[in-house]
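Structural features, examined
So you can see what is in the structure, the chains are spelled out below.
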Number of protein chains: 2
Amino acid sequence: MEKFVPILKKTKLFSGVGEDDIGKMLSCLDARLVTYKKGEYVIRQGERIADILILVEGSLHIQKDDYWGNRSILGQIGIGEIFGEAYAAPESGPVLNDVVAVEDSTVLFFDVNRVLSTCSSACRFHTMVVQNLFFAISEKNRGLVQKLQHMSRRTTREKLLSYLSEESKRQNSSSITIPFNRQQLADYLSVDRSAMSNELCKMRDEGLLVFEKNRFRLNQA
Amino acid sequence: MEKFVPILKKTKLFSGVGEDDIGKMLSCLDARLVTYKKGEYVIRQGERIADILILVEGSLHIQKDDYWGNRSILGQIGIGEIFGEAYAAPESGPVLNDVVAVEDSTVLFFDVNRVLSTCSSACRFHTMVVQNLFFAISEKNRGLVQKLQHMSRRTTREKLLSYLSEESKRQNSSSITIPFNRQQLADYLSVDRSAMSNELCKMRDEGLLVFEKNRFRLNQA
DNA sequence: ACAATTCGGTTGTATTTACAACAGAAAGGC
DNA sequence: GCCTTTCTGTTGTAAATACAACCGAATTGT
């Protein structure tokens, strides 16, 4: 387990904690290492978990099969990412997604109660880990709210305006650079790429904005 | 401030903590009471906050004005609800929404650092409050992910199937009762009510499901 | 320099949606 | 019982979207 300490040091959960202290905390947090072969399930929809998980090796997919058997990929989990934390609460109910290894993977399980209950003074940084956990889930939360705002708009144009004007506010400038290419932006907003491209050009022709690659400038109406 | 202790006792943050202990914790958590007249801003877009807020009197709206001045109401905050917690992290950046009092309101501010840093032994239930906070934001998170899954579907039919099949799994039955009427369901899924109603009837005619009011039964294909 | 790949824009069509307007059923108040 | 309001379903039309197919430009790898 100790060989993963350098990876853990880079995670959001252990941000600010030294490698020596991480090593000491592993037993305190009841850390368990589990390996999965490609294709195996880390979490199955319907399960109940009381752990916070960190991927330390490999790659995972969050996916969902609906009542009629259609599968959709909701996201990917990379090395160092925290997951499962939203279902660690006792009243959370069962997990609603499957988490599957897309290559041979290794996952570290932490008992959520051990994490949340500050223990003996041996863990100097326990309080910091609790804060880190809170901040990490807060960050997820903010991202979800943002995306929800854009996606709740009805038309492609409105979704674009919602996203671009928010980015403009966030970057505090009418000239912004976005972290997506066209396909990624379309996926992010859940619209068709070509339709979105079409709409962007219409908006440019109407003078709402100008763009070049992933740089945009918004114009006042 | 003490007159709000009975209200606080019912909140998710202080769940499981007695009134006497809540009273003692208020100073420990650096609680501050602020009143707002109808129309005043509790939080302005662009501000940075380092507090967790609880509404103890009145009613608030979360709203957003985009770059071109269009306003949209994102949600309502009722008495006892926690808010602001997602922006309490130091690296969270500025708040992206306005929070406005829609009637005369009273808000309790808690310093997030006091909440997250377990204090002296005087606060027996401090650990419990930290857990409650974590569970509360987890719950918000789960709701957001669920909604996002439904909204990311392209057609009204797919959104309905996504929502209904998830409810079916959650209620562990093919016969489910939903907490929405038609208009609320349409708002939840961000679609047009009449179009959704139309689509529901088509699905019924095709034998996918049957419904009466807010009760639905899904059929295997 | 060249080939292969990715990326972004354009177009046409079938599908789907939003919107408005309307009507019957159900629920609630008096 | 009667009126009013809310809820739900229906229809038609204009608008927007998804999808597929295509093309040229830019990028990448060799």
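Residues numbered from 1 in each chain as written. Chains lettered and ligands numbered in written order. Predicted model: local features only at pLDDT ≥ 70, side-chain atom pairs only at ≥ 80, totals over all residues. Heavy atoms only, no water.

1. Digging into the interface of chain B and chain A
Inclusion rule: Contacts were defined at the residue level, with two residues in contact if any of their heavy atoms lie within 4.5 Å. Summed over both partners, the accessible area lost on bringing two parts together, with a 1.4 Å probe, is the buried area. One speaks of a salt bridge when a side-chain nitrogen belonging to Lys or Arg is within 4 Å of a carboxyl oxygen belonging to Asp or Glu. A 3.5 Å cut-off defines polar contacts: any pair of N or O atoms within that distance qualifies, except that in protein one atom must be a possible hydrogen donor and the other a possible acceptor, and neighbouring residues in sequence count only when both atoms are side-chain atoms. Put simply, DSSP H or I for four residues or longer makes a helix, DSSP E for two residues or longer makes a strand, and each gets a number counted from the N terminus.
Contact residues are listed per partner, giving 58 residues for chain B and 58 residues for chain A. The contact between chain B and chain A buries some 5600 Å² in all, and 63% of this surface belongs to carbon and sulfur atoms. Our enumeration of links across chain B and chain A arrives at zero salt bridges. Along the contact surface separating chain B from chain A lie eight residue pairs in polar contact (both at pLDDT 80 or more). The set of elements that each furnish at least two residues to the side of chain B that touches chain A consists of β4 (60-65), β5 (71-77), α3 (112-116), α4 (126-151) and α5 (156-170) of chain B. Here the side of chain B that touches chain A gets 18 residues from one element, more than from any other, and that element is α4(B).

2. Some remarks on the environment of B:Ile82
Residues and elements named next belong to chain B. Under the convention used in this document: The buried label goes to any residue with under 20% of its type's maximum accessible area, the exposed label to any with over 50%, and the partly exposed label to all in between, with areas taken from a 1.4 Å probe on protein chains only.
Along the chain, the position of Ile82 falls in strand β6 (residues 82-83). With a relative accessible area of 8%, Ile82 lands in the buried category. As a C-alpha pair, Ile82 and Ile137 span 55 residues in sequence and 9.0 Å in three-dimensional space. Contacts of Ile82, omitting those with residues within four sequence positions, involve Lys12, Leu13, Ile52, Leu53, Ile54, Ala136 and Lys140.

3. With respect to the protein's contact with DNA strand C
Put simply, the rule reads: Put simply, a residue is near a molecule or strand once any heavy atom of it comes within 4 Å of that molecule or strand.
Taken together, 18 residues form the shell around DNA strand C, and within it A:Arg182, A:Asn198, A:Phe211, B:Thr156 and B:Lys213 come nearest. The sugar-phosphate share of atoms of DNA strand C within 4 Å of the protein amounts to 66%. A:Arg182 is positioned with one of its backbone polar atoms (N or O) 2.8 Å from a phosphate oxygen of DNA strand C. Between DNA strand C and the protein, one listed contact pairs a phosphate oxygen with a backbone N or O atom of B:Thr156 at 2.2 Å. When residues of the surface near DNA strand C are traced back to their parent elements, those giving at least two are α6 (182-189) and α7 (193-205) of chain A together with α7 (193-205) of chain B. Here the element with the most residues in the surface near DNA strand C is α7(A); it accounts for five residues.

4. Examining the relation of the copies chain B and chain A
So the rule is basically this: The atoms used to superpose the copies are C-alpha atoms, taken from residues with pLDDT of at least 70 in both, and the fit is least squares.
The two copies are related by a screw operation: chain B maps onto chain A through 180° of rotation and 0.0 Å of translation along the axis, at an RMSD of 0.1 Å. The transformation just described matches what one would write down for a two-fold rotation axis. Both copies present the same face, since 100% of the interface residues in chain B are matched by interface residues at the equivalent positions in chain A.

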